[in-house]
Amino acid sequence: MTAEVSGRSAPRRVVLADDYDGVRTAIARLLTPMCDVVGHVSDGAELLDAIARLRADVVILDLNMPGLDGLHACRQIKMAAPNVDVIVCTAADDSELRSRALEAGASAFVAKFRLADDLVSAIQHGDRSGQRSPDGSDCDGTVDQLRDVRGRFIDAQEHERHRLSRELHDGV
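What's the story with the overall build of the protein in this structure? I'm lost.
Along the protein, the regular secondary structure elements total seven helices and seven strands. Looking at the protein residue by residue over its 172 residues, the buried ones come to 46%. Long-range pairs, those at least 24 residues apart, make up 57% of the contacts in the protein between residues at least 6 apart in sequence. A total of about 8900 Å² of accessible surface is found on the protein, and carbon and sulfur atoms cover 48% of it.

Explain the environment of Val-37 to me, please; I cannot follow it from the model alone.
Along the chain, the position of Val-37 falls in strand β4 (residues 36-41). Considered as a pair, Val-37 and Leu-54 are 17 residues apart in the sequence and their alpha carbons are 9.9 Å apart. Aside from chain neighbours lying at most four places away, what touches Val-37 is Val-14, Leu-16, Ala-28, Leu-31 and Thr-32.

In this structure, what is going on with the confidence of the model for the protein? I would like to understand it.
Low pLDDT means the predicted coordinates in that region are not meant to be read closely. Across the protein, pLDDT averages 75, with 65% of residues at or above 70. The low-confidence segment residues 4-8 (pLDDT under 50) makes four contacts with residues lying over four places distant or belonging to another chain. Counting contacts from residues 127-154, a segment whose pLDDT is below 50, to residues more than four positions away or on other chains yields 27 contacts.

Help me out: how do you make sense of the packing of helix α2 (residues 44-54) against helix α3 (residues 70-80) in this one?
Each packed pair of helices is defined by two parameters, the angle between the axes and the distance between the axes. Viewed as axis vectors pointing N to C, α2 and α3 meet at an angle of 30°, and their least axial separation amounts to 9 Å. By the angle between their directions, the pair α2 and α3 is classed as roughly parallel. The two elements α2 and α3 meet at a crossing, and its hand is right-handed. Contacts from Leu-47, Leu-48 and Ile-51 of α2 reach α3 at Ala-73, Gln-76 and Ile-77. Residues that form the contact of α2 with α3 fall into these classes: five nonpolar, one polar and no charged.

Hey, could you run me through the pattern of salt bridges in this one?
Working definition: two side chains of opposite charge can pair if their charged atoms are close together. Scanning all chains against the criterion turns up six salt bridges. Between Lys-112 and Asp-62 there is a salt bridge, and its shortest N-O distance comes to 3.6 Å. Taken as a pair, Lys-112 in the loop between β7 (108-111) and α5 (115-125) and Asp-62 in the loop between β5 (58-61) and α3 lie far apart in primary sequence, 50 residues in all. Assessed through its relative accessible area of 5%, Lys-112 is described here as buried. Looking at Asp-62, the relative accessible area reads 5%, which means it is buried. One salt-bridge network, held together by shared partners, links Asp-18, Asp-62 and Lys-112.

Explain the environment of Val-15 to me, please; I cannot follow it from the model alone.
Its location among the elements puts Val-15 in strand β3 (residues 13-17). Sequence separation between Val-15 and Asp-57 is 42 residues, and the spatial gap between their C-alpha atoms is 8.2 Å. Beyond its immediate chain neighbours, meaning those up to four positions away, Val-15 contacts Val-38, Gly-39, Leu-47, Ala-50, Leu-54, Ala-56, Val-58, Val-59 and Ile-60.

Looking at this structure, how should I read the sheet that holds β3?
In a beta sheet, neighbouring strands are held together by backbone hydrogen bonds and run either parallel or antiparallel to one another. As summarised here, the arrangement of the five strands in space is β4-β3-β5-β6-β7, forming an open sheet in which the pairing is parallel. The open sheet has two edge strands, β4 and β7, and neither has a second partner. Between one strand axis and the next, the sheet turns through 20° on average, direction left out of account. Pairing geometry for strand β6 (residues 85-90) and β7, over four bridges, is parallel. When the sheet's bridge partners are listed, Ile-87 is paired in β7 with Ala-108.

What exactly am I supposed to notice about the nonpolar core here?
Generally speaking, a soluble globular protein has its nonpolar side chains buried in company with each other. Leu-47, Ile-51, Val-59, Leu-61 and Ile-77 are the most contacted members of the largest nonpolar core, which has 26 residues in total. Residue assignment for this core shows that the elements contributing at least two residues are β3, α2, β5, α3, β6 and α4 (95-103). Once residues lying within four places of it in the same chain are set aside, the contact partners of Ile-77 are Leu-47, Leu-48, Ile-51, Val-59, Pro-82, Val-84 and Val-86. Membership of the second largest hydrophobic core comes to 20 residues, among which are Val-14, Leu-31, Ile-87 and Leu-168.

About the criteria used
- Residues numbered from 1 in each chain as written.
- Predicted model: local features only at pLDDT ≥ 70, side-chain atom pairs only at ≥ 80, totals over all residues.
- Heavy atoms only, no water.
- Helix = DSSP H or I, 4+ residues; strand = E, 2+ residues; numbered from the N terminus.
- Buried < 20%, exposed > 50% of the residue type's maximum accessible area, 1.4 Å probe, protein only.
- Contact = heavy atoms within 4.5 Å.
- Areas by Shrake-Rupley, 256 points an atom, 1.4 Å probe, with all protein chains shown as cover.
- pLDDT = per-residue confidence, 0-100.
- Axes fitted to C-alpha atoms, helices over the stretch in contact; angles between N-to-C directions.
- Parallel < 35°, antiparallel > 145°, perpendicular 65-115°, else oblique.
- Left-handed = near helix turned anticlockwise from the far one by under 90°.
- Nonpolar A, V, L, I, M, F, W, Y, C, P; charged D, E, K, R; others polar.
- Salt bridge = Lys/Arg side-chain N within 4 Å of Asp/Glu carboxyl O.
- Pairing = 2+ DSSP bridges.
- Core = buried A, V, L, I, M, F, W, Y, C linked by side-chain atoms within 4.5 Å.

Shown next as structure tokens:
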């Protein structure tokens, strides 16, 4: 989950937008080994400023937030910063809601109860088939490649993601 910066790889810069502090904390702990979580907001109205100020590459966005709901925030993000990937992460796993989020410009839709399984993959390739990574290679199979390269570290990391996912599910 890196972007090419001046000939070197840099972690993707992620902003978290969720009105529950515990959810933001758990997502940050999940992503920190792979991404640079540069900030978080609890209100949709704060989000656009945070994205520009923190130079975000990815936004993890809850749909039900005060100030500006996630669907409207997603549309505004894509108009103001079309290169920012928006990953909708919500407690509702509803096909109509998923369609509306994708129509609003979301790169991916992740149900919070499947967070540990799906969020890392969504950040890596935004659920876009055939998407290319910054070095031009296919993103397909990235998780499997990471397992091969990092072995036991990845297994431990997956165990932690599953634990955090259970914690989020129980708290939502």
